[in-house]
Amino acid sequence: LISIFKTQREAQDSFEKLAEKSIAYEFVKANRPYIPVSFEDVETYANNLKSHYFDYVDFNNKTLQSSSFLNERMLIYIYGTTTDSLGEVANYIKNIYGFYNKYANKAPDTFKRVLLVDAWQQMIDLNFESVANYISDTYLIPLAKELDDTELINALTEFKNTSVGNKAPDFSFGLESTDKNLPKTLNELDNAERYIIVFWSSTCSHCLIEIPKLEAFIKPIDKEKLRVIAVGLEDDDVLWKTKIKEFPDFINVLGLGKWDNAIGNNYDVSSTPTYFVLDADKNIIAKPETIEALKLFFEDKL
């Protein structure tokens, strides 16, 4: 092991020397790993690897900022330096806290924004919404306020408002439902144990495959157990009025303006179909990505 450490150190020194006066030098130097000087047990080595991970990284270096290097190092640190004694969420939050307060905090605000937005988006992609909202509430929103970045604040707020565990944003049903006994808004609806909100469009080919499957899925289910509110994001109502006749079991809501519709915007909808599952109190309990995932969610619940 001592020999391996010596070889590793010499190789690193050699590459740094070869890279001098080139752009590559900044990356070779920043990538220098923690190299022990003597034998260490696994736990000690892992702890040292984590605590020295950014020893040679300069978060103010313009060359590093202009590449994906710092973002990649951040993500490796967050995901790759976890401990067995903590769960995934607790590990990620602990690592994000350590990363930001020990290292990223040294960077300019504009670049901290780049790093944190990347970490936030990664957590969303991996379905760790609670961690994404932790990043947002603890770091990104205060930073966005400092930078007067209202667009980012709005995006963070919209995502949090439609995260699992939050109350679903209220909206009006309009006059399109064939059920005259229905109330006028989502919050006033109180006739089922669970609800599905689906955002779709009559001009969306993928929707025209999935929405009939959704209609078939709920047809045999008692309406006291499950109702569907289908929000059609449309440029006009011509085709939509024809298509909704195929879905008589839905509460059909027209969302004119398509991608600039208030209901869709409040639910941070960027593609169709998009599904939300609510409990009786209109709290969001799931966000299945496909009709198959939605069916699996309800498999043991109905």
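Presented here is an overview of the structure given in this document. (Residues numbered from 1 in each chain as written. Predicted model: local features only at pLDDT ≥ 70, side-chain atom pairs only at ≥ 80, totals over all residues. Heavy atoms only, no water.)

Describing the overall build of the protein chain
- A count of helical and extended segments in the protein chain gives 13 helices and five strands.
- Compactness check: the protein chain gives a C-alpha radius of gyration of 25 Å against a globular reference of 19 Å for 302 residues, more than 25% above the reference.
- Taking the principal axes of its C-alpha atoms as reference, the protein chain extends roughly 80 × 40 × 30 Å.
- A sequence separation of at least 24 residues applies to 64% of the contacts in the protein chain between residues at least 6 apart.
- Total accessible area on the protein chain is roughly 16100 Å²; 52% of this is exposed by carbon and sulfur atoms.
- Between the centroid of the 33 positive side chains of the protein chain and the centroid of its 47 negative side chains there is a distance of 2 Å. (Helix = DSSP H or I, 4+ residues; strand = E, 2+ residues; numbered from the N terminus. Rg over C-alpha atoms; globule rule 2.2 N^0.38 Å. Contact = heavy atoms within 4.5 Å. Areas by Shrake-Rupley, 256 points an atom, 1.4 Å probe, with all protein chains shown as cover. Lys, Arg positive; Asp, Glu negative; His and termini not counted. Charge placed at Lys NZ, Arg CZ, Asp CG, Glu CD.)

Overview of helix α1 (residues 2-19)
- The end-to-end C-alpha distance of α1 is 26 Å, a good match for the 26 Å that 18 residues give at a rise of 1.5 Å each.
- Here α1 has its buried residues at Phe-5, Gln-12, Glu-16 and Ala-19. On an axial view of α1, the arc spanned by its buried residues comes to 75 degrees, and they lie on one face. Opposite the buried face of α1, at more than 90 degrees from it, the exposed residues are Ser-3, Lys-17 and Leu-18.
- As for α1, its buried residues are in contact with α2 (24-30).
- After α1 finishes, the residue Lys-21 shows a positive phi value of roughly 65 degrees. (Expected span 1.5 Å × (residues − 1). Buried < 20%, exposed > 50% of the residue type's maximum accessible area, 1.4 Å probe, protein only. Arc of directions from axis to C-beta.)

Looking at the layout of surface pockets
- For the largest pocket, the calculated volume is near 620 Å³.
- Ile-124, Phe-159, Asp-268, Thr-274 and Lys-287 are, among the 22 residues lining the largest pocket, the residues nearest its centre.
- Within the residue set of the lining of the largest pocket, elements represented by two or more residues are α7 (109-125), α9 (150-161) and β4 (274-279).
- Ranked by residues supplied to the lining of the largest pocket, first place goes to α7 with four residues.
- The residue inventory of the lining of the largest pocket, partitioned by class, reads 11 nonpolar, six polar and five charged.
- What the second largest pocket holds in volume is close to 220 Å³.
- What lines the second largest pocket is Glu-43, Ala-46, Asn-47, Leu-49, Lys-50, Gly-80, Thr-81, Thr-82, Thr-83 and Lys-94. (1 Å grid on protein atoms, 1.4 Å probe; cavity = no way out; pocket = protein on both sides within 12 Å on 5 of 7 lines; lining within 4 Å. Points joined across faces, edges and corners; volume = space filled by probe spheres on them. Nonpolar A, V, L, I, M, F, W, Y, C, P; charged D, E, K, R; others polar.)

A look at the pattern of salt bridges
- All told, the structure shown has 13 salt bridges when counted by the stated rule.
- Of the charged contacts in the structure, one is a salt bridge between Lys-243 and Glu-246, with a shortest N-O distance of 3.0 Å.
- Assessed through its relative accessible area of 17%, Lys-243 is described here as buried.
- Each of Asp-13, Glu-16 and Arg-32 takes part in a single network of salt bridges with overlapping partners. (Salt bridge = Lys/Arg side-chain N within 4 Å of Asp/Glu carboxyl O.)

A few points about the sheet that holds β4
- Here five strands make up an open sheet; going across it, the order is β3-β2-β1-β4-β5 and the pairing mixed. The strands lining the two open edges of the sheet, one partner per strand, are β3 (250-256) and β5 (284-286). The mean inter-strand angle of the sheet, taken between neighbouring strand axes irrespective of direction, is 30 degrees.
- Seen against the sheet, helix α10 (residues 205-218) touches β1 (194-200), β2 (226-234), β3 and β4 and runs at an angle of roughly 160 degrees to β1.
- Against the sheet, helix α13 (residues 291-298) makes contact with β1, β2, β4 and β5, and its axis sits at roughly 15 degrees relative to β4, the strand it touches most. (Pairing = 2+ DSSP bridges. Axes fitted to C-alpha atoms, helices over the stretch in contact; angles between N-to-C directions.)

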